[in-house]
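Each chain is listed here by its residues.
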Amino acid sequence: MSTPHAHYGFAERWLPRLVLAPSFLLTLIFLYGFIAWNGYLSFTNSRLLPNYEWAGLVQYATLFENERWWVAVRNLGAFAVLFIGGAMAIGITLAILLDQKVRGEGAIRTLYLYPMALSFVVTGTAWKWMLNPGLGLEKLMHDWGFTSFTFDWLVNSEMSIYTVVIAGLWQSSGFVMALFLAGLRGVDDSIIKAAQIDGASLPRIYWKIILPALRPVVFSTLMILSHIAIKSFDLVMALTGGGPGFSSDLPATFMYSMAFTRGQTGLGAASAMMMLATVAAIVVPYLYSELRKEQNG
Amino acid sequence: MRNVKMGLIASSLMLAFSVQAAEVEVLHYWTSGGEAKAAAELKKMMEGKGNKWKDFAVAGGGGENAMTALKTRVVSGNPPAAAQIKGPSIQEWGDEGVLGSIDGVAKKEGWDKVLPPVVSNVMKYKGQYVAAPVNVHRVNWLWINPELLKKANAKVPTTWDEFFVTAAALQKAGIQPLAYGGQPWQDSTVFESVTLGVGGVDFYKKAFVQLDPATLSGPTMVKVLETYKKLKPFTDKNAAGREWNLATSMVINGKAAMQFMGDWAKGEFLAAGKVPGKDFLCVAAPGTANAFTFNIDSFAMFKLKDASAVKGQNDLASTLMSPAFQEVFNLNKGSIPARTDLAMDKFDECGKKSAVDFKATASKGGLVPSWAHGMAMKSATQGAVYDAVTQFWNNDKMSAKDAAMKLAAAAKMK
């Protein structure tokens, strides 16, 4: 009876590895492999097609001298702060309001969450119509008689990035609300009741007890929103096309136009590496803290 | 086991077939109405010569998507037989060492004799033909709705001073003078016409063909930029991001009186049932009557190993340059033939005028490449100059002097 036992041992030892091997290999090649390839390209003089001659930091130097890149970086800063902060604030507020045991909560929740079901391209196109001065909001107000009303951010090169913020908020706030609502429902009722018995007011209960208990939700939401912000591409393309001019460019749209339409593959690769570094700056400390917590716990 | 065998036999048979029929795969981005019709003509002619046509159409007017698709195919070592590439990009692809020569066909058919040197030079890489031209677009056109001009009692402008008088008269009559599409390439298309009209042919060549920094930042360029910016009050503020054909339809529908755009705009007028000379006018942009900014569509041939595929490539090159194809294609596309030896009887008034000007300017030196349409600069340089122009147009705080400095800096991008 020793043979079947040996077989079982073999399977036990190798089966998990065999099952995991393909996906491990695919991740290794198609994620880390291509990151490495892109990293190498950013140190070459690649033009139309990749070439592999080492050129040092030329592309990074060109990138940092490029005015359009800095416009993209500044835009990302403004967009990220307003988008993440705004979506969190609106989402939490909506979640708290919905948590008051209102009637028809299911329907309202679906309504708020629904924008998330649309792609950013659809969101962008819809808001493009609504914000166009000759077509949407401004025209509507004029037709109603408020002729002094102006809202031309979409076609104003100094304000165009904020229209991206508006559309982004509309899209993502409902999603943040859903996450927080789930979190709120997970808070132990007995603690809240105890606080109520002690005579704490509702806002105080939220501020001092419930929200601190939602720390993990806050962190995962922040993670999701910040990486949406950094890789945001389709929203800008559909809403403003990066314009007027290049005033609403983000690093992602910058990278695309350099690498794919301007024959500057090397420069595009360098800007992609800068984006990766930005994402890493957020993700790595988060993973570090999470993993350390696991070890301690 | 049986199934496997059958499958193997079937797949080897299919392989054999695909090797035998000379298949010509052509990447192009002619997907809109008139363009698709023109591509269908090409297919018909190629199949008439016993070739198997394989369509590789990638949607997206400017060809950006097509170029992305092309890059992946070339990088993977599997290029199509031919692709729609134009201008200095042909040289860029040549530098990558992936283009094949069609010099044999060109010599046999005497292309050098029927193409103006400015055109044939673009089609050659290191002295050998690697691409075949199919048409010539003129970019420096001004499209006019004559009815609106009559309403405002305004004249058709021939100089920039006259243009601003006409525009002011139109505005006074409550008509929007200029239909404008605010996309970077359109900004540059208009700017290019202004440069040619204000600075003249030699200035244009020095600035945008030779990329001379002193010319780009000099006083004439400042004047050009100021004139360009003076157009802005005559456009509407919804112009930002507008497609060119929407701007054209504003002229067609009488919502605006004029538009600066290449002769592909004619296709929109004709599709709307308008008659050239009566419902709409095509005139050279102010001050550019003796000049011609050209934009030439062409097909570059890729290096292929298979001998029968090379034969197909030569057939394609010969078909593209044949008088029959050049005529029928350009009647559909709104442009004029690249060959200068064809009769223009079947073409409309604008086409005839364009052909006459093309020949005249070719002999007198007024034929200049359109940089806004990728005929004068490498794509990186062109992109940087686009950025400078579009930034100046959209930023009302930037002075013309600063913009000129930015142009000179952009031209250094290689």
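Scroll up to find the structure.
Residues numbered from 1 in each chain as written. Chains lettered and ligands numbered in written order. Predicted model: local features only at pLDDT ≥ 70, side-chain atom pairs only at ≥ 80, totals over all residues. Heavy atoms only, no water.

1. What to know about the overall build of chain A
In terms of regular secondary structure, chain A is built from 13 helices and zero strands. Seen in sequence order, chain A has helices and strands lined up from the N terminus as α-α-α-α-α-α-α-α-α-α-α-α-α. Compactness check: chain A gives a C-alpha radius of gyration of 25 Å against a globular reference of 19 Å for 297 residues, more than 25% above the reference. With the C-alpha coordinates aligned to their principal axes, the bounding extent of chain A is approximately 85 × 65 × 30 Å. Partitioning the intrachain contacts of chain A with sequence separation of at least 6 by distance along the chain shows that 69% fall at a separation of at least 24. (Helix = DSSP H or I, 4+ residues; strand = E, 2+ residues; numbered from the N terminus. Rg over C-alpha atoms; globule rule 2.2 N^0.38 Å. Contact = heavy atoms within 4.5 Å.)

2. Topic: helix α16 (residues 323-333) of chain B
Residue and element names in this part refer to chain B. All of the buried residues along α16 are F325, Q326, F329, N330 and K333. Projected down its long axis, α16 shows its buried positions confined to an angular sector of 110°, all on one face. Within two residues after α16, G334 carries a phi angle of roughly 95°, on the positive side. (Buried < 20%, exposed > 50% of the residue type's maximum accessible area, 1.4 Å probe, protein only. Arc of directions from axis to C-beta.)

3. Regarding the sheet that holds strand β8 (residues 176-178) of chain B
Residue and element names in this part refer to chain B. On the basis of which strands lie adjacent, the open sheet formed by four strands has the order β8-β9-β7-β10 and mixed pairing. Of all the strands in the sheet, the pair left with one neighbour each is β8 and β10 (281-284). Pairwise comparison of adjacent strand axes, ignoring direction, gives a mean angle of 20° for this sheet. Of the pairings in the sheet, the one linking strand β7 (residues 141-144) to β10 comprises four bridges and is antiparallel in character. Residue pairing across strands places W143 opposite C282, the latter belonging to β10. (Pairing = 2+ DSSP bridges. Axes fitted to C-alpha atoms, helices over the stretch in contact; angles between N-to-C directions.)

4. So, the state of the cysteines
Residues and elements named next belong to chain B. According to the stated counting rule, one finds one disulfide over all chains in the structure shown. Between C282 and C350 runs a disulfide, and the two sulfur atoms are separated by 2.1 Å. Around the S-S axis, the bridge from C282 to C350 shows a dihedral of about -105° and counts as left-handed. With C282 in strand β10 and C350 in helix α17 (residues 349-364), this residue pair connects regions lying 68 residues apart in the sequence. Across the pair, exposure class does not vary: C282 and C350 are buried alike. (Disulfide = S-S within 2.5 Å.)

5. A short note on the packing of helix α15 (residues 307-321) of chain B against α16 of chain B
Residue and element names in this part refer to chain B. For the pair α15 and α16, the least separation of the axes is 5 Å and the interaxial angle reads 60°. It follows from the interaxial angle that α15 and α16 lie oblique. Two secondary-structure elements touch here, α15 through T319, L320 and M321 and α16 through P323, F325 and Q326. Here the contact of α15 with α16 is built from residues that sort into four nonpolar, two polar and no charged. (Parallel < 35°, antiparallel > 145°, perpendicular 65-115°, else oblique. Nonpolar A, V, L, I, M, F, W, Y, C, P; charged D, E, K, R; others polar.)

6. A look at unusual backbone geometry
All names here are of chain A. Despite not being glycine, K101 shows a phi value in the positive range, around 55°. As for its placement among the helices and strands, K101 is situated in the loop between α3 (67-98) and α4 (105-113). For K101, a relative accessible area of 76% puts it in the exposed group.

7. Digging into the nonpolar core
All names here are of chain B. Of all hydrophobic cores here, the largest spans 64 residues; its most connected members are L70, I85, W93, W111, F302, L316 and L320. At six residues, the largest contribution of residues to this core is made by strand β11 (residues 292-301). Among all residues touching L316, those that are not within four sequence positions of it are V24, V26, L42, M46, W53, A82 and M301. Counting 61 residues, the second-largest nonpolar core is a separate cluster that includes A154, L225, M258 and A291. (Core = buried A, V, L, I, M, F, W, Y, C linked by side-chain atoms within 4.5 Å.)

8. A short note on the environment of K274 of chain B
Residues and elements named next belong to chain B. Counting through the fold element by element, K274 comes out in the loop between α14 (265-271) and β10. Each C-alpha atom, one on K274 and one on C350, is 13 Å from the other, the two residues being 76 residues apart in sequence. For K274, the contacting residues outside a window of four places in its chain are I252, F269, D279 and F280.

9. Some details on the pairing of strand β1 (residues 23-28) of chain B
Residue and element names in this part refer to chain B. Among the six residues in β1, five count as buried, and that is most of the element. Sheet topology places β1 next to strand β2 (residues 52-57); six bridges connect them, and they run parallel. Across the sheet, the residue bridging to V26 is D55, located in β2. Inspection of the sheet shows β1 paired to strand β3 (residues 82-84) by two bridges, in the parallel sense. For L27, the partnering residue across the bridge sits in β3 and is A83.

10. Examining the pairing of β11 of chain B
All names here are of chain B. The buried fraction of β11 is high, at 10 of 10 residues. Burial along β11 is two-sided: the face carrying F292, F294, I296, S298 and A300 and the face carrying T293, N295, D297, F299 and M301 are both buried. Of the pairings in the sheet, the one linking β3 to β11 comprises three bridges and is antiparallel in character. Across the sheet, residue Q84 finds its bridge partner in β11, namely F299. Direction of pairing for strand β6 (residues 131-138) relative to β11: antiparallel, over a ladder of seven bridges. The partner of V136 across the bridge, within β11, is I296. Across three bridges, β11 lies against strand β12 (residues 367-369) in parallel orientation. What sits directly across from T293, in β12, is V368.

11. Details of the pattern of salt bridges
Residue and element names in this part refer to chain A. Going through the model one piece at a time under the given rule, you end up with 27 salt bridges over all chains. Of the charged contacts in the structure, one is a salt bridge between E105 and R109, with a shortest N-O distance of 3.1 Å. Taken together, the residues span about one helical turn, with E105 and R109 both in helix α4 at a distance of four residues. You can call E105 buried: its relative accessible area is 14%. Residue R109 is classed as partly exposed on the basis of its relative accessible area, which comes to 35%. (Salt bridge = Lys/Arg side-chain N within 4 Å of Asp/Glu carboxyl O.)

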